[in-house]
Amino acid sequence: MEKLTCLNCGNRLEHTFADLGTSPLCNEILTPEQVNDGQMSYPLHTYVCDECFLVQVGKCVSPEKIYKDYSYFSSYSNFWLRHAEQYVDFMIENYDIDRESFVVEIASNDGYLLQYFNQKNIPLLGIEPSHTVAKAALNKGIPTEMKFFGTNTAKELKNKYQPADLILGNNVLAHVPSINDFIEGLGIMLSEKGIMTFEFPHLMQLVENNQFDTIYHEHFFYYSLHSVQALFKKHGFKVFDVQELDTHGGSIRIFVSREANREYQVSRNVEHMLTEEKQKGYLNVELYKSFEKYVRQTKRDILRLLLNLKNQGKSIVGYGAPGKGNTLLNYCGIGTDFIDYTVDRSPHKQGHYLPGSLIPILSPDKIKDTEPDYIFILPWNLKDEIIQQLRYVSDWGAQFIVPIPQPMVINSKPMEIELPVLTSGL
């Protein structure tokens, strides 16, 4: 068996965090013409390094393959747009970002966030490797470079534009296998007094809320504050503040400056979270090794619920076509034998099929036409927004299924939660 090494420190990887079998790329949706062509699947096995405690995939699929025809457009979530706009207002108010500043977003997607800086006439640049979403940003008037970010790109863009006063990246740190080259590139692109912010799902929330479906091939890393702080420190940066967020089931936003920048002192928020992680065992490899048993139990409980409903003759459809949903469906072996179809607001996904499961993706209007008994919410982190959008399903008594952290049924009217069917818990 091939020996695997940590993508950060080079230590040998020996301890499994979660083995989810094999799965196609989570955003590689299929056209009707491709359905019968077959699809490549790859191992989805994550490990924890017992040296730096960084959770990571064991075998990487190349970013060039993952982002060649990327289907995730950030602007189709109202919640995410509000989150982006609030961030822009916060940075302008608290960190003096103004028309004299230069803002750079890495993995800027379709311009969902930079559009709010643009509205305030703040100079900016988006860096986005996927042409599909980068073109959407350009159509909005967002200056965008279609490139992968690293040291070479940083040198090129610094010379072409100027050093950045603010660099931000939402859910990008997990997507970069060459993480040390990436952070070295940040050091080239950032001005001497500049700051950076990065948001990512917090590993502690992933573990405590059983969010195994957030593991997929484009997420190479899963960070605790300890692991990400050590990574930045190695490159001459300091994490001087951290905020807890309710995005993606529980994320954190870190604030980073150069170590030599004395304008920003490390806050008590950082010290508190580091202490909490240590006390809960995130510097002990045994905690990570125990996670997989909960994942396996959740799979059995989800299948038990769906089997019971189908045996009663109930109809089930999905809502959403997110990456996390495809991890869950493929790991659990759920296809059209359980879920008739799923719907998604993005027209870029409608008329296509989910990877692996081959569940058709339709317009949300289809739900009104078929009046299903149950709606399986795949982007469970947006369940409140989705239930609000679909409040009309109470007319025929439909109910919602939320699979994470444990499968449960939610009535559409009144909004009451039934007893969960899960027998395990973290």
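Residues numbered from 1 in each chain as written. Predicted model: local features only at pLDDT ≥ 70, side-chain atom pairs only at ≥ 80, totals over all residues. Heavy atoms only, no water.

A.B. asks: Whenever I open this one, the pairing of strand E10 (residues 237-245) confuses me. Can you help?
C.D. replies: Looking along a regular strand, one sees the side chains alternate between the two faces of the sheet. For E10, the buried fraction is high: seven of the nine residues fall into the buried class. Where E10 and strand E11 (residues 251-258) come together, eight bridges link them in antiparallel fashion. Paired with Lys238 across the strands is Ser257, a residue of E11. In sequence, E10 turns back onto E11 through a hairpin of five residues, with His248 there showing a positive phi of about 50°. (Buried < 20%, exposed > 50% of the residue type's maximum accessible area, 1.4 Å probe, protein only. Helix = DSSP H or I, 4+ residues; strand = E, 2+ residues; numbered from the N terminus. Pairing = 2+ DSSP bridges.)

A.B. asks: How should the packing of helix H11 (residues 292-311) against helix H12 (residues 323-332) be read in this particular structure?
C.D. replies: The axes of two packed helices give the description: the angle between them and the distance between them. Running from N to C, H11 and H12 point in directions that differ by 80°, and their axes come no closer than 10 Å. In terms of orientation, H11 and H12 fall into the roughly perpendicular class. For the pair formed by H11 and H12, the contact residues are Val295, Arg296, Lys299, Ile302 and Leu303 on the first element and Leu328, Tyr331 and Cys332 on the second. Classifying every residue of the contact of H11 with H12 by side-chain character gives six nonpolar, no polar and two charged. (Axes fitted to C-alpha atoms, helices over the stretch in contact; angles between N-to-C directions. Parallel < 35°, antiparallel > 145°, perpendicular 65-115°, else oblique. Contact = heavy atoms within 4.5 Å. Nonpolar A, V, L, I, M, F, W, Y, C, P; charged D, E, K, R; others polar.)

A.B. asks: Just checking my understanding: could you explain the confidence of the model for the protein chain for this structure?
C.D. replies: The predicted coordinates ought not to be read in detail in places where the model reports low pLDDT. Looking at the protein chain, pLDDT values average 91 and 93% of them are 70 or higher. Segment residues 414-426 is flagged for pLDDT under 50; beyond a separation of four residues in sequence, or across chains, it makes 35 contacts in the model. (pLDDT = per-residue confidence, 0-100.)

A.B. asks: Sorry if this is basic, but what is going on with the sheet that holds E11 here?
C.D. replies: What links the strands of a sheet is backbone hydrogen bonding, and the strands pair in either a parallel or an antiparallel sense. If you walk across this open sheet you meet the seven strands as E6-E5-E4-E7-E8-E11-E10, and the pairing is mixed. For this open sheet the edge positions go to strand E6 (144-145) and E10, each flanked by a neighbour on one side alone. Here strand E7 (residues 164-170) pairs with strand E8 (residues 190-201) via six bridges, running parallel. The residue of E8 that forms the bridge with Leu168 is Thr197.

A.B. asks: Mind showing me how you'd approach H12 here?
C.D. replies: Each α-helix turn comprises 3.6 residues. Residues three or four places apart therefore point the same way. H12 sits mainly inside the fold: ten of its ten residues count as buried. Turning to H12, its buried residues number three or more, namely Gly323, Lys324, Gly325, Asn326, Thr327, Leu328, Leu329, Asn330, Tyr331 and Cys332. Of the surrounding elements, those touching the buried residues of H12 are strand E1 (15-23), strand E2 (42-48), H11 and strand E15 (374-377). After H12 finishes, the residue Gly333 shows a positive phi value of roughly 70°.

A.B. asks: For this particular structure, what's the right way to read the environment of Lys233?
C.D. replies: Topologically, Lys233 is positioned in helix H8 (residues 225-233). Using a relative accessible area of 60% as the deciding quantity, one classes Lys233 as exposed. Counting along the chain gives 25 residues from Lys233 to Arg258, while the straight-line C-alpha distance between them is 9.1 Å.

A.B. asks: Hey, could you run me through unusual backbone geometry in this one?
C.D. replies: Backbone geometry follows two general trends: most residues other than glycine have a negative phi, and most peptide bonds adopt the trans configuration. In the segment running from Ile404 into Pro405, the intervening peptide bond is cis, with an omega of 5°. Take Pro405: it is sitting in the loop between strand E16 (399-402) and strand E17 (408-411). In this structure, Asp96 takes a positive phi of about 55° despite not being glycine. Mapped onto the fold, Asp96 is located in the loop between helix H2 (78-95) and strand E4 (103-106).

A.B. asks: Honestly, the side chain of Glu218 in this entry has me stumped. Any pointers?
C.D. replies: Tracing the sequence through the fold places Glu218 in the loop between helix H7 (203-208) and strand E9 (221-222). Among buried charged residues, Glu218 stands out as having no salt bridge; its nearest opposite-charge side chain is Lys349, 9.5 Å away. Within polar-contact distance, the side chain of Glu218 engages the side chain of Asn27 at 2.9 Å. (Lys, Arg positive; Asp, Glu negative; His and termini not counted. Salt bridge = Lys/Arg side-chain N within 4 Å of Asp/Glu carboxyl O. Polar contact = N/O pair within 3.5 Å; in protein donor to acceptor, adjacent residues only side chain to side chain.)

A.B. asks: What's the story with the pattern of salt bridges in this structure? I'm lost.
C.D. replies: Any two side chains of opposite charge can pair, so long as their charged atoms come close to each other. Within the structure shown, the criterion is met by 13 salt bridges. The partner of Lys160 in a salt bridge is Glu145, and the shortest N-O contact between them spans 2.7 Å. A residue pair is termed long-range when its members are at least 10 positions apart, and Lys160 in helix H5 (residues 151-160) and Glu145 in strand E6 qualify at 15 residues. By relative accessible area, which is 51% here, Lys160 ends up exposed.

A.B. asks: Just checking my understanding: could you explain the packing of aromatic side chains for this structure?
C.D. replies: Each aromatic ring pair is specified by the distance between its two centres and by the angle formed by the two planes. Counting across every chain of the model gives 19 aromatic pairs. A ring pair is formed by Phe198 and Phe232, whose centres lie 5.7 Å apart and whose planes are at 35°; its orientation type is tilted. With Phe198 in strand E8 and Phe232 in helix H8, the pair connects residues that are 34 residues apart, well separated along the chain. On the basis of relative accessibility, which here comes to 0%, the residue Phe232 falls in the buried class. Grouping aromatic residues by their ring pairs yields a cluster made of Phe17, Phe53, Tyr282, Tyr288 and Phe291. Its end group placed over the ring of Trp380, Lys324 keeps NZ or CZ at 5.4 Å from the ring centre. (Phe/Tyr/Trp six-rings, centres within 6.5 Å; stacked < 30°, edge-to-face > 60°. Lys NZ or Arg CZ within 6 Å of the ring centre and 35° of its normal.)

A.B. asks: I would appreciate a short explanation of the sheet that holds E9 in the present structure.
C.D. replies: The strand order across the open sheet formed by four strands is E1-E2-E3-E9, and the pairing between neighbours is antiparallel. The sheet terminates laterally at E1 and E9, the two strands that pair on one side only. Summarising the sheet, E1 and E2 pair through six bridges and their orientation is antiparallel. Bridge pairing in E2 links Thr22 to Pro43.

A.B. asks: Where do I start with the environment of Thr144 in this structure?
C.D. replies: Among the structural elements, Thr144 can be located in strand E6. Residue classification places Thr144 among the buried positions, given a relative accessible area of 12%. Sequence-wise, Thr144 and Gly126 are 18 residues apart; in three dimensions their C-alpha atoms are separated by 4.4 Å. Apart from residues no more than four positions distant in its own chain, Thr144 is found in contact with Ser108, Leu125, Gly126, Glu128, Ala134, Ala137 and Leu138. A distance of 2.8 Å separates a polar atom in the side chain of Thr144 from the backbone oxygen of Ile142.

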